[in-house]
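Spelled out from the first residue to the last, the chains are:
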Amino acid sequence: MATEDGQDPRIPKIASSIRVIPDFPKPGIMFHDITTLLLDTEAFKDTIDLFVERYKGKGISVVAGVEARGFIFGPPIALAIGAKFVPMRKPKKLPGKVISEEYSLEYGTDKIEMHVGAVEPGERAIIIDDLIATGGTLSAAVRLLERVGVKIVECACVIELPECKGREKLGETPLFILISSA
Amino acid sequence: DPRPQAISDAIRVIPHFPKTGIMFQDITMLLLDPVAFKHVVDIFVDRYKHMNISLVAGVEARGFIFGSPIALAIGAKFIPIRKPGKLHGRVISEEYELEYGSDRLEMSMEAVKSYERALVIDDLVATGATLSASISLWVTRAGAEVVECACLVGLPRFKGQCRLKGKPLYVLVEPSHFDGLTI
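Starting afresh in each chain, residues are numbered from 1 along the sequence in its written order. Labels are handed out in written order, letters beginning with A for the chains and numbers beginning with 1 for the ligands. Note on the predicted model: pLDDT of at least 70 is required for a residue's local features to be given, and 80 or more for side-chain atom pairs to be given and counted; whole-chain, interface and lining totals, by contrast, use all residues. Values shown for side chains rest on all heavy atoms present in the structure; no hydrogens or waters enter the calculation.

Visitor: In this structure, what is going on with the overall build of chain A? I would like to understand it.
Guide: For chain A, the count of helices and strands is five helices and nine strands. Its helices and strands in sequence order give chain A the pattern α-β-β-α-β-α-β-β-β-β-α-β-α-β, from N to C terminus. For chain A, the C-alpha atoms occupy an extent of roughly 40 × 40 × 30 Å along the three principal directions. Exposure classes here rest on a 1.4 Å probe applied to the protein chains alone. A residue is buried below 20% of its type maximum, exposed above 50%, and partly exposed in between. Here chain A, with 182 residues, has 55% of them falling under the buried criterion. Any two residues having at least one pair of non-hydrogen atoms within 4.5 Å are treated as being in contact. For chain A, contacts bridging at least 24 residues in sequence account for 60% of all contacts bridging at least 6. Working convention for charge: Lys and Arg count positive, Asp and Glu count negative, and His plus the chain ends are omitted. Think of each charge as sitting on NZ of Lys, CZ of Arg, CG of Asp or CD of Glu. Both charge centroids of chain A, one from 23 positive and one from 26 negative side chains, sit 5 Å from each other. Note on conventions: DSSP H or I runs of at least 4 residues are helices, E runs of at least 2 residues are strands, and numbering of each starts at the N terminus.

Here it is as structure tokens:
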């Protein structure tokens, strides 16, 4: 498994704590299961530390996390850098007024939602998820936040499956990852 | 301690969600206030850091938001308790009753040892069905000891500390009241 930043000595240990599941969700895709990382207290702490070190002191006031595994990584990062945590959810989970953004699936479409008023125009945000594959969900999250005037500093994921071309889908939006499955 | 009041003030009440008659306790407003969110985590961490807890289980999905930072701060493993079909590998599952029908929760069997001491976290306890199912997963199926269940908000019948399926239940705040402003 290649590492994005071979220089940081914490990355190989994080990589080795992640279980790889071949041919999921489709033949040829090597899925990475972070639930085993969460059982390794040092690897989990190092993962959060790597993101916090990157984003602390950069004027980021919003950490948006994509349901559901983004809810595991986003909150500790938000707490450590003093930012709000904004959950981005599947439809009908958030009460009150929401705004939503549709995105394509292989078959059909889905939506991602955020509370109205959770963020203000001009805020600087990062968007967190555990893994980027096709980039469908993340790019919808980017569009949703940009529609309300938020500046996306970066998308951040633990893992990238480059064969799914998510980075291309994000276009101009920077993407930071710890581990690539390439 | 002024923190519980500040936490309560940060919880928004949404009337008639997800259906008529339910006053929904929306904790997402609290997450927009880094000071209030940190208070919640600090209070839980102070309570649990010396209890020798090796596992924190968070119930999908809002339990993840609180369980993860608590696990990190006390040096425990984090285990997501999930809706069916989301987890890989060997899982155990527990069914629980809804008002109409039933649902299931699943937990990974990997790396859970029977001598472990676990804390189960969710944002809110209403009927207690989800937490009870989670306790069953741990105790009767995985063989770990559930030290306590903890929630940010508990409906009045869970006021203070009481027990759920024989396990202690710790609730941080009572439900907030609807302030009459429509959303």
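Further notes follow.
Visitor: Quick question: what am I supposed to make of the pattern of salt bridges here?
Guide: Opposite charge on two side chains permits them to pair, given that their charged atoms come into close proximity. Residues and elements named next belong to chain A. By definition, a salt bridge exists where a carboxyl oxygen of Asp or Glu is found within 4 Å of a side-chain nitrogen of Lys or Arg. Applying the stated criterion across every chain, the model contains 24 salt bridges over all chains. Ionic pairing is found between Arg 54 and Glu 154, a salt bridge with its closest N-O pair at 2.6 Å. Note that Arg 54 is positioned in helix 2 (residues 41–55) and Glu 154 in strand 8 (residues 151–160), a separation of 100 residues in sequence. For Arg 54, a relative accessible area of 32% corresponds to the partly exposed category. By relative accessible area, which is 9% here, Glu 154 ends up buried. Note that Glu 160 is salt-bridged to Arg 167, the shortest N-O span being 3.3 Å. With relative accessibility at 36%, the residue Arg 167 sits in the partly exposed group. Connected through salt bridges with shared partners, the residues Asp 8, Arg 10 and Glu 53 form a single ionic network.

Visitor: I tried to follow the pairing of strand 9 (residues 175–180) of chain A on my own but got confused; where do I start?
Guide: Successive residues of a regular strand alternate their side chains across the two faces of the sheet. All names here are of chain A. Extensive coverage of strand 9 is indicated by the burial of six of its six residues. Bridge analysis of strand 8 against strand 9 gives five bridges, and the strand direction is parallel. Residue pairing for strand 9: Cys 157 is matched across the bridge by Ile 177. A pair of strands is considered paired only if DSSP assigns at least 2 bridges between the two.

Visitor: I would appreciate a short explanation of helix 3 (residues 34–48) of chain B in the present structure.
Guide: Residues spaced three or four apart along an α-helix point in a common direction, a consequence of the helix completing one turn every 3.6 residues. Helix span, as expected, comes to 1.5 Å for every residue beyond the first. A rise of 1.5 Å per residue sets the reference length of helix 3 of chain B, with its 15 residues, at 21 Å; its end C-alpha atoms lie 21 Å apart and thus fit the reference within 8%. Looking only at helix 3 of chain B, the buried set comprises Ala36(B), Phe37(B), Val40(B), Val41(B), Ile43(B), Phe44(B), Val45(B) and Tyr48(B).

Visitor: Explanation requested: the UniProt feature "domain: Phosphoribosyltransferase" (unreviewed entry) in chain A in the structure shown.
Guide: Per the UniProt entry, the sites bearing "domain: Phosphoribosyltransferase" (unreviewed entry) are residues 49–168 of chain A in this numbering. Taken as a whole, residues 49–168 of chain A contains 28% helix and 36% strand, while its terminal C-alpha atoms sit 27 Å from one another. UniProt positions are given in the numbering used here, feature names are shortened, and annotations may be inferred rather than shown by experiment.

Visitor: Would you mind showing me how to read the interface of chain B and chain A here?
Guide: Interface size is often expressed as the accessible area that is lost when the parts come together. Every contact between the two is made by 34 residues of chain B and, on the other side, 35 residues of chain A. Summed over both sides, the interface between chain B and chain A buries roughly 2800 Å², with carbon and sulfur atoms accounting for 73% of that surface. Defined here as a combined quantity, buried area equals the accessible surface (1.4 Å probe) lost by two parts on assembly, summed across both. If you sort the residues of chain B by the area they bury against chain A, Leu32(B), Leu72(B) and His88(B) come out on top, with a joint share of 23%. Where chain B touches chain A, the interface holds zero salt bridges. N or O atoms within 3.5 Å of each other form a polar contact, as long as, within protein, one can give a hydrogen and the other can take it, and as long as residues adjacent in sequence are counted only when both atoms are side-chain atoms. Inspection of the chain B/chain A interface yields six residue pairs in polar contact (both at pLDDT 80 or more). Contributions of two or more residues to the side of chain B that touches chain A are made by strand 1 (12–15), strand 2 (23–26), helix 2 (28–31), helix 3, helix 4 (62–74) and strand 4 (77–81) of chain B. In terms of residue count, the dominant contributor to the side of chain B that touches chain A is helix 4 of chain B (six residues).

Visitor: Teacher, can you tell me more about the nonpolar core here?
Guide: Nonpolar side chains in soluble globular proteins tend to end up buried together. Judged by nonpolar contacts, the single largest core of 73 residues is most densely connected at Phe73(A), Leu30(B), Phe66(B) and Leu152(B). Considering each element in turn, this core owes the most residues, eight residues, to helix 3 of chain B. When sequence neighbours within four positions are dropped, the list of residues in contact with Leu152(B) reads Ile7(B), Ile11(B), Ile27(B), Leu30(B), Val40(B), Phe44(B), Phe66(B), Asp122(B), Asp123(B), Val171(B), Leu172(B) and Val173(B). For our purposes a nonpolar core is just a set of buried Ala, Val, Leu, Ile, Met, Phe, Trp, Tyr and Cys residues, chained together by side-chain atoms within 4.5 Å.

Visitor: Sorry if this is basic, but what is going on with unusual backbone geometry here?
Guide: It is generally the case that most residues other than glycine have a negative phi and that most peptide bonds are trans. Following Phe17(B), the chain continues into Pro18(B) via a peptide bond in cis, with omega recorded as 0°. As for its position among the elements, Pro18(B) is in the loop between strand 1 and strand 2. Residues Glu60(B) and Ala61(B) are joined by a peptide bond in cis, for which omega reads -10°. The residue Lys165(A) is not glycine, and still its phi comes out positive at about 65°. Mapped onto the elements of the fold, Lys165(A) is located in the loop between strand 8 and helix 5 (166–170). In the Ramachandran plot, His16(B) falls in the positive-phi region, its phi being about 60° despite a non-glycine side chain. Here His16(B) shows up in the loop between strand 1 and strand 2. The class for His16(B) is partly exposed, based on a relative accessible area of 48%.

Visitor: Looking at this model, I keep getting lost on the sheet that holds strand 7 (residues 124–132) of chain A. Mind explaining?
Guide: Pairing between the strands of a sheet is mediated by backbone hydrogen bonds and can be parallel or antiparallel. All names here are of chain A. Strand order in the open sheet made by the five strands is 4-3-7-8-9, with parallel pairing throughout. Where the open sheet ends on each side, the last strands, each with one partner, are strand 4 (84–88) and strand 9. For this sheet, the mean inter-axis angle between neighbouring strands, taken without regard to orientation, is 20°. Orientation is described by axes fitted as lines to C-alpha atoms, over the contacting stretch for helices, and by angles from 0 to 180 degrees between their N-to-C directions. Sheet contacts for helix 2: strand 7, strand 8 and strand 9; angle to strand 8, the most-contacted strand, approximately 160°.

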